[in-house]
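Each chain is listed here by its residues.
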Number of protein chains: 2
Amino acid sequence: MLYDFTYHNPTKIYFGKDAMSKLPSELNSYGKNILFLYGKNSIKKIGLYDEVKRVLNECGKNVIELAGIKSNPSYAQVLKGGKLVRENKIDFILAVGGGSVIDCAKAISVSAYAKGDAWQRYWIDFEDVDNEIVPVGSILTMTGTASEMNGGSVITNEEVTIKAGRVYGPEVNPKFSILNPEFTYTVPKIQMVSGVFDVMSHLMEQYFSGDDDNTTDYVIEAVMKSLIKSARKAVENPEDYEARSNIMWCATLGLNTVTGLSKTQDWEVHDIEHQLGAYTDCPHGLGLAVISMPYYRYIYKEGIDKFVRFAENVWGVDTTGKTKDEIALEGIACLEGFAKELGIPLTLRELGATKEMLSKIAESAYEGGGYKYMTHEDILKVLKECF
Amino acid sequence: MLYDFTYHNPTKIYFGKDAMSKLPSELNSYGKNILFLYGKNSIKKIGLYDEVKRVLNECGKNVIELAGIKSNPSYAQVLKGGKLVRENKIDFILAVGGGSVIDCAKAISVSAYAKGDAWQRYWIDFEDVDNEIVPVGSILTMTGTASEMNGGSVITNEEVTIKAGRVYGPEVNPKFSILNPEFTYTVPKIQMVSGVFDVMSHLMEQYFSGDDDNTTDYVIEAVMKSLIKSARKAVENPEDYEARSNIMWCATLGLNTVTGLSKTQDWEVHDIEHQLGAYTDCPHGLGLAVISMPYYRYIYKEGIDKFVRFAENVWGVDTTGKTKDEIALEGIACLEGFAKELGIPLTLRELGATKEMLSKIAESAYEGGGYKYMTHEDILKVLKECF
């Protein structure tokens, strides 16, 4: 069965070495007051901070800066940004950084003028946004989340230790995103591979669902194959422009909704990782990698034909004389081998989790899933396998 | 080398059995005066004409109808539509039909208020549109062109016997398109397979260019594989919902620009076919099929690695012990076999062309191409092979 879907993605993407040249004409479509959001010093190291400031000045903008957005952006930062928006009558939020900065910008965008408790209403109760949405644009410096071309916003509320993700409608998408692969050259290797595995996980969460023969499944396999090939090259040579370009575009395609169309999807691995992130603050993609293999080994029998297809079509596993179980498990072993090639640690211990955290993480994760319904107990079993 | 690109596709797609339920809320975003554009009687046979009229009435619209849009829409019809737009102060053009009707709607949309000779300015000289653009929406009943999600408009000027295509910016894209695969069930088989080969050709024109390793190449292969599999099923059973759904979505993906990103592209086969269409009025996809195999056999040596990849990745050709030439030619033979399976005639004669037309078609076609630069002489050689 193919499900009805709506596809609407109005984000304008400027991709390539010259993409920054499009910034002035985009900025000129908005008012004078700009909130310039970024993370730590990395955009200063590559000269991007100065470049953005120069363009903003030349466009005659009033600029308010909010720096230090964390890799798991906190709701406290969202509130701080909202206050700046109201106090300075901000017309446009420019997010410069990775997915965290863009997620935070979107969170500020929807919550600055929210009536009542935005956290509860928008991230917990999933209410429709009924207030003014401040437009956002982004300049991407780290790939992975596809936040540059979707309405998603994952925020950690440190007061209650909950990391919650919400996908808003296209009115919350960035109006434009500037994607220059060269900006990603200096991302530390561990963060680059974390981004790569995040993309791989997005693709797998969408792929491992349904037993239908859906065009989307073919597209997902295509993006996975390109990602795997280019990630192997980029690990060898971080300045391989073609490889970094492909990784960047695979990341965007991986969660700009086109790879999820007419798919029921799973998202259990992401949900468990979000709770892990709330406890350990570990890089998202590394958490996903640690959880993925034990999770897929735990559930594969319930969706065995898809895992066989994954092994054949994505990893080129030779199926001659093998049982479905053997083929499926060989596919998961290939995935594990890929994670190792990238240099990703594969235990929760290495990511800073303690044994005591496991049951808390399992309890706070969502019961549900794709091929297999995961109870808290199931989740705890998987977490123990990851430890 | 990966080329810089801009990707912006704001068309909203409503896909599935229930897609028509979204029509009223979309229509309510526009003014009262609607130009309702369609082709022949097919939308009456499936009850869609009555359904659209009912919704337009319920939304309180004033409706002007323009029926009889041809399968190669003529510039005379575009002028007629433009006059209706001006006389009736049309707020919105609703195109109900296949790519021809939507192409015609877009042509009316850009030319109704054009200053000077719109044909010359917009289709021949490719000038920017500097006048009001009337918004368009579509309800798709035949798949192939992807006109439902792009800014393309191919129009035949019968006075000068030129069929000219132009891809406008996203401001000309349909604002929304309603895609219900069930609407395509009653399309006659020859038109269905013409649409399928049109999609295959769009994908090949984009694929057979460049020697780089581009994510887009993988995505194209994915869409080709899904299309081939589903077309084989739909030929057997036209009411296989899953197959018709996949064909419909493959068609949209095939030319909504996502499968062309960072590709230099070719388009020589389409250009030759456009001239063939201007002389014979044959179904577009059938013309493409007849030209494709001789064309690819004529040029494959100049892009042999890509033709080898096509054979392996799309058709699963076993390469053991074969030369590159053998593999490449086997891939083209698979494509030919596929066209035969679909029941497509494979000579220009069967499409109504005469020997006398060949040199005229060759002369009016564009010199250029992808892997190989095609002169008028080269084009004539290919046409003789097709005859």
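You'll find the structure just up there.
Residues numbered from 1 in each chain as written. Chains lettered and ligands numbered in written order. Predicted model: local features only at pLDDT ≥ 70, side-chain atom pairs only at ≥ 80, totals over all residues. Heavy atoms only, no water.

Peer 1: Got a sec to walk through unusual backbone geometry? Specific residues and values, please.
Peer 2: Residue and element names in this part refer to chain A. Notably, Ala146 is not glycine yet its phi reads approximately 65 degrees, a positive angle. Tracing the backbone shows Ala146 in the loop between β5 (136-140) and β6 (152-157). Despite not being glycine, Gln265 has its phi angle at roughly 70 degrees, a positive value. (Helix = DSSP H or I, 4+ residues; strand = E, 2+ residues; numbered from the N terminus.)

Peer 1: Lay out the side chain of A:Gln206 in plain terms, naming residues and giving numbers.
Peer 2: Within the element layout of this structure, A:Gln206 appears in helix α7 (residues 189-207). By relative accessible area, A:Gln206 is classed as buried at 1%. (Buried < 20%, exposed > 50% of the residue type's maximum accessible area, 1.4 Å probe, protein only.)

Peer 1: Could you give me a rundown of the interface of chain A and chain B, with the residues and numbers involved?
Peer 2: At the interface, 42 residues of chain A touch 42 residues of chain B. Roughly 3500 Å² of surface becomes buried between chain A and chain B when both sides are summed, with 57% attributable to carbon and sulfur atoms. The largest share of the area that chain A buries against chain B comes from A:Phe5, A:Thr215 and A:Tyr218, three residues that together contribute 17% of it. In this assembly, chain A and chain B are joined by four salt bridges. With its nearest N and O atoms 3.6 Å apart, the salt bridge here joins A:Lys233 to B:Asp213. (Contact = heavy atoms within 4.5 Å. Buried area = accessible area lost by both parts, 1.4 Å probe. Salt bridge = Lys/Arg side-chain N within 4 Å of Asp/Glu carboxyl O.)

Peer 1: Break down the pairing of strand β2 (residues 33-38) of chain A for me, citing the residues and quoting the values.
Peer 2: Residue and element names in this part refer to chain A. Judged by how many residues are buried, β2 sits mostly within the fold: six of six residues are covered. Side chains Asn33, Leu35 and Leu37 project from β2 onto one buried face, and the interleaved Ile34, Phe36 and Tyr38 project onto a second face that is buried too. Bridge count for β2 against strand β3 (residues 62-66) is five bridges, and the pairing is parallel. By the bridge assignment for β3, Phe36 is matched with Glu65. Direction of pairing for β2 relative to strand β4 (residues 92-97): parallel, over a ladder of five bridges. Residue pairing in the sheet places Leu35 in a bridge with Ile93 of β4. (Pairing = 2+ DSSP bridges.)

Peer 1: Residues and numbers for the packing of helix α8 (residues 215-236) of chain B against helix α12 (residues 304-315) of chain B, please.
Peer 2: All names here are of chain B. It is the contact of α8 with α12, at a shortest axis distance of 10 Å, that shows an interaxial angle of 45 degrees. The angle between the axes of α8 and α12 places the two elements in the oblique class. For the element pair α8 and α12, the recorded crossing hand is right-handed. In contact with Asp217, Tyr218, Glu221, Met224, Lys225, Ile228 and Arg232 of α8, α12 contributes Lys306, Arg309, Phe310, Asn313, Val314 and Trp315. When grouped by side-chain class, the residues that make up the contact of α8 with α12 number six nonpolar, one polar and six charged. (Axes fitted to C-alpha atoms, helices over the stretch in contact; angles between N-to-C directions. Parallel < 35°, antiparallel > 145°, perpendicular 65-115°, else oblique. Left-handed = near helix turned anticlockwise from the far one by under 90°. Nonpolar A, V, L, I, M, F, W, Y, C, P; charged D, E, K, R; others polar.)

Peer 1: Quick one: what's the story with the nonpolar core, residue by residue and with numbers?
Peer 2: The biggest cluster of nonpolar side chains holds 226 residues, and the ones touching the most others in it are A:Leu37, A:Ile93, A:Tyr296, B:Leu37, B:Ile93 and B:Tyr296. The residues touching A:Tyr296, leaving out its near neighbours within four places in the chain, are A:Met204, A:Glu205, A:Phe208, A:Val269, A:Phe307, A:Ile332 and A:Leu335. (Core = buried A, V, L, I, M, F, W, Y, C linked by side-chain atoms within 4.5 Å.)

Peer 1: Explain the relation of the copies chain A and chain B to me, and be specific about the residues and the numbers.
Peer 2: For the pair chain A and chain B, the relating rotation is 180 degrees, the translation along its axis is 0.0 Å, and the fit reaches an RMSD of 0.0 Å. On this basis, the relationship between the two copies can be described by a two-fold rotation axis. Considering only C-alpha atoms, the residue of chain A closest to the rotation axis is A:Pro10, which sits at 2.2 Å. Interface overlap between copies: 100% of the residues of chain A at the interface are likewise at the interface in chain B, consistent with a symmetric, same-surface contact. (Least-squares fit on C-alpha atoms with pLDDT ≥ 70 in both.)

Peer 1: Quick one: what's the story with the packing of aromatic side chains, residue by residue and with numbers?
Peer 2: Given two aromatic rings, their pairing is described by the distance between the two centres and the angle made by the two planes. Considering all chains together, one arrives at 48 aromatic pairs over all chains under this definition. Taken together, a centroid distance of 5.0 Å and an interplanar angle of 45 degrees make the contact between B:Phe36 and B:Tyr38 tilted. Looking at B:Phe36, the relative accessible area reads 0%, which means it is buried. Each ring, one from B:Phe36 and one from B:Tyr49, has its centre 5.7 Å from the other, and the planes form 20 degrees; the classification is stacked. Taken together, the residues span a long stretch of sequence, with B:Phe36 in strand β2 (residues 33-38) and B:Tyr49 in helix α3 (residues 48-58) at a distance of 13 residues. Aromatic rings pair up to connect A:Tyr207, A:Phe208, A:Tyr295, A:Tyr296, A:Tyr300, A:Phe307, A:Phe310, A:Trp315, A:Phe338 and A:Tyr371 into one cluster. Taking the ring centre of A:Tyr241 as reference, the NZ or CZ of A:Lys17 above it sits at 4.4 Å. Geometry around A:Phe126 places A:Arg166 over its ring, the cationic atom sitting 5.1 Å from the centre. (Phe/Tyr/Trp six-rings, centres within 6.5 Å; stacked < 30°, edge-to-face > 60°. Lys NZ or Arg CZ within 6 Å of the ring centre and 35° of its normal.)

Peer 1: I'd like to hear about helix α15 (residues 376-386) of chain A, residue by residue, with values.
Peer 2: Residue and element names in this part refer to chain A. Along α15, the positions that sit buried rather than exposed are Asp378, Ile379, Val382, Leu383 and Cys386. Here the buried residues of α15 occupy an arc of 140 degrees about the axis, which is enough to place them on one side. Along α15, the residues that are exposed and aim more than 90 degrees away from the buried face are Glu377, Lys384 and Glu385. Tucked into the core, α15 has its buried residues touching α10 (268-280), α11 (284-299) and α14 (355-364). (Arc of directions from axis to C-beta.)

Peer 1: Lay out a nonpolar patch on the surface with the relevant residues and their values.
Peer 2: Residues and elements named next belong to chain A. Together, Ile124, Val160 and Ile162 make up a nonpolar patch on the protein surface, roughly 210 Å² of accessible area in all. Along the polypeptide, Val160 turns up in the loop between β6 and β7 (162-167). Relative accessible area serves as the criterion here: at 45%, Val160 is assigned to the partly exposed category. (Patch = residues over 30% accessible without salt bridge, like charges linked within 9 Å, V, L, I, M, F, W, Y side chains within 5 Å. Areas by Shrake-Rupley, 256 points an atom, 1.4 Å probe, with all protein chains shown as cover.)

Peer 1: Lay out the pattern of salt bridges with the relevant residues and their values.
Peer 2: Counted under the stated rule, the structure contains 40 salt bridges over all chains. Note that A:Lys53 and A:Glu65 form a salt bridge whose closest N and O atoms lie 2.8 Å from each other. Of this pair, A:Lys53 sits in helix α3 (residues 48-58) while A:Glu65 sits in strand β3; the two residues are 12 residues apart in sequence, bridging distant segments of the chain. With a relative accessible area of 26%, A:Lys53 lands in the partly exposed category. With a relative accessible area of 28%, A:Glu65 lands in the partly exposed category. For B:Asp217, the salt bridge is made with B:Lys306, and the minimal N-O distance between the two is 3.2 Å. Note that B:Asp217 is positioned in helix α8 and B:Lys306 in helix α12, a separation of 89 residues in sequence.

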